[in-house]
Structure formats: C-alpha cells, structure tokens
Amino acid sequence: MSNRLTTYINTNPNFIKETQNRKTIDLGEGSEIIYIPRFVPSEQSWKWFDYLDKEIPWVRPTIQVYGRSCSQPRDTCYVASKGLQGLRYSGYTPHAYSWDDFPPLKDILAAVHEALPGSSFNSLLLNKYKNGTDYVAWHADDEKVYGLTPEIASISFGCERDFLLRKRPAINSSLVQAAREEPPSKRIKSRVSQNNQQSFVLKHGSLLVMRGNTQRDWLHSVPKRAKADAVRINLTFRHIMEDESG
Ligand SMILES: O=C(O)CCC(=O)C(=O)O
Ligand SMILES: [Fe+2]
C-alpha cells in the first residue's frame, strides 16, 4: 500500500485517495466515485468530440416527468450490444443502435475497459448539451436492467460542466436508525448532514465512474449554468444484465 505516488487526503467527512491522476472518493456505505480528469488527451478528445457531434443521429425525445410530457432538456442517442433487453426510462424507449454503426465508440469503450479491469460495459447512453440551458435533473440510474450495484463510466468532451451528487434521504438506513437511538448529544449529525454532497467540474477528456451503491443511495445532476456557452458531449457506459424473465 506504500505507493509513493499515492496521496491520502483526509478531507473529513469524505475520504479521497489519489494515485497519479486518479482520485477515488469513498462516499461511505459502499458507494464510490473514481475521477480521472485527463483520461483522454485533449487533441484526441477534440477528434472524438467532432466525430460525435457530426455523426451521431441526435434526437431530443419527449419524456414523461411526474405524469407530464416534456421535451428532454438535451439531445440523446443510445447504443447497445445485440440481444440485450431494451432500455426504457422516463416513459421513453430509445432505439438501440449498434457499436458497428459508430466505430470510434468501440475505441472509446476499449479505453474504458482497459482503465477499469473487470468491467464489461455493453450499452451506452450519449448526451449532448447545446449550452448551459441544457441539463439533466436530479436522478439515479437505478433501472432494473442495470442490476443492484451498477457501474457507470462517464466520459465528457467539450464544454466543462458541474456534476453534482446528493445523498438520497435515508429514511430506513441504519445510520439514521442509529442516530435516532442515540441521545441528542451523541447524534452523529455530521455524517448525516455534511457528508451528503459532492461536486466535480467534468473536464474535456475526463472519466468519472460511479459504482457500488451510488445509484441506490445518491442522486446526480448536471444543472443549468448561464455561463456555459458551448456544446458538451457526454457518454455513459453501462452494463445491462441478462434478461432472466425469458
Ligand atoms: O452528462 C452527464 O455528465 C451525466 C448524464 C447522466 O447522468 C445520464 O445520462 O444518466
Ligand atoms: Fe445519470
């Protein structure tokens, strides 16, 4: 464990481990984030950005939010391996393109697999934010098709945007339970009230990975930003489980 390149930064309440360019953030209770700001070199990132901007058949679908139809506030596209169960989110079933339709995506996928030993992504949701008025609202990618502890690898190209994480209210969690059973003086307030937010500026060419219980216990978002005046393209690689229903 005594790697000279590893720095341990104990920024209470979260524990951050930094090895070379890779930060690992332990969010507690089995949730973990990995962030690699310079995952793809800048020049290669711009080549991929230009390719994706031009070649992907971007659509802006109508989705259902709290029972109301609205236009998704960003463009999207979906790619998946053959034979997987379909994806459905917010009342929308995207058409699944194949990896062969966009060969550079296979190179990006290979780079992600190399950086994350043991990972086996078989689907990809692409997002394009035309400027700071496009966004993704608070959500978790907790669809059943991803299983109980999904690993999601997110690559960003173009305009930098904030990526926020916020702990879901933990009504039945053992932590809250324990806090209730303690007298007020001993309540572990800090862990409940301070350890509940994280933010990252997702840089051009960066890789951010969410794993473990992150989708169960946390929400994430990319909020509107008046000052973001250029296009951002984001790729989220995911693993869809085998369909056991037959
Ligand atoms: O654009 C991003 O960084 C996040 C996108 C996202 O959360 C999603 O597609 O589920
Ligand atoms: Fe998401």
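Structural data are supplied above this passage.
Residues numbered from 1 in each chain as written. Chains lettered and ligands numbered in written order. Predicted model: local features only at pLDDT ≥ 70, side-chain atom pairs only at ≥ 80, totals over all residues. Heavy atoms only, no water.

Topic: the overall build of the protein chain
Rules: Counting from the N terminus, the helices are the DSSP runs of H or I reaching at least four residues and the strands are the DSSP runs of E reaching at least two. Exposure is judged per residue with a 1.4 Å probe applied to protein chains only, and the accessible area is read against the type maximum: over 50% gives exposed, under 20% gives buried, and values in between give partly exposed. Areas reported as accessible are Shrake-Rupley estimates using a 1.4 Å probe. Residue values count occlusion only from the protein chains shown.
Scanning the protein chain from terminus to terminus reveals five helices and 15 strands. Expressed as a percentage of the 246 residues in the protein chain, the buried residues total 45%. Surface exposure of the protein chain reaches about 13,500 Å², of which carbon and sulfur atoms provide 51%.

What to know about the sheet that holds strand β12 (residues 197-202)
Inclusion rule: In this description, strands pair whenever DSSP reports at least two bridges between them. Where helices are involved, their axes are fitted lines through C-alpha atoms of the stretch in contact, as for all axes, and angles between N-to-C directions lie from 0 to 180°.
Read across the open sheet, the four strands follow the order β9-β14-β11-β12; overall the sheet is antiparallel. Every interior strand has two partners, whereas the edge strands, β9 (136-139) and β12, have only one. Averaged over all adjacent pairs, the angle separating strand axes in this sheet is 15 degrees, with direction ignored. Two strands pair when backbone bridges link them, and strand β11 (residues 161-167) and β12 are joined in this way by six bridges, in the antiparallel orientation. Bridging from a neighbouring strand, F163 pairs with F200 of β12.

Topic: the site of ligand 1
Convention followed: Residues are classed as near a molecule or strand on a simple rule: at least one heavy atom within 4 Å of it. N or O atoms within 3.5 Å of each other form a polar contact, as long as, within protein, one can give a hydrogen and the other can take it, and as long as residues adjacent in sequence are counted only when both atoms are side-chain atoms. Charged residues are taken to be Asp, Glu, Lys and Arg, nonpolar residues to be Ala, Val, Leu, Ile, Met, Phe, Trp, Tyr, Cys and Pro, and polar residues to be all remaining types, Gly included.
Close contacts around ligand 1 come from N127, Y129, H139, D141, F163, L202, H220, V222, R232, N234, T236 and R238, and that covers them all. One of the side-chain nitrogen or oxygen atoms of H139 is found 3.1 Å away from an oxygen atom of ligand 1. H220 has a polar side-chain atom sitting 3.1 Å from an oxygen atom of ligand 1. If ligand 1 stood free it would expose 290 Å²; the protein chains cover 97% of that surface. For the shell around ligand 1, the secondary-structure elements that each account for two or more residues are β8 (123-129), β14 (218-222) and β15 (232-238). If one sorts the elements of the shell around ligand 1 by residue count, β15 sits on top with four residues. Of the residues in the shell around ligand 1, the class split is four nonpolar, five polar and three charged.

Overview of unusual backbone geometry
Positive phi outside glycine occurs at E29, with the angle close to 50 degrees. Here E29 shows up in the loop between β3 (22-28) and β4 (31-36).

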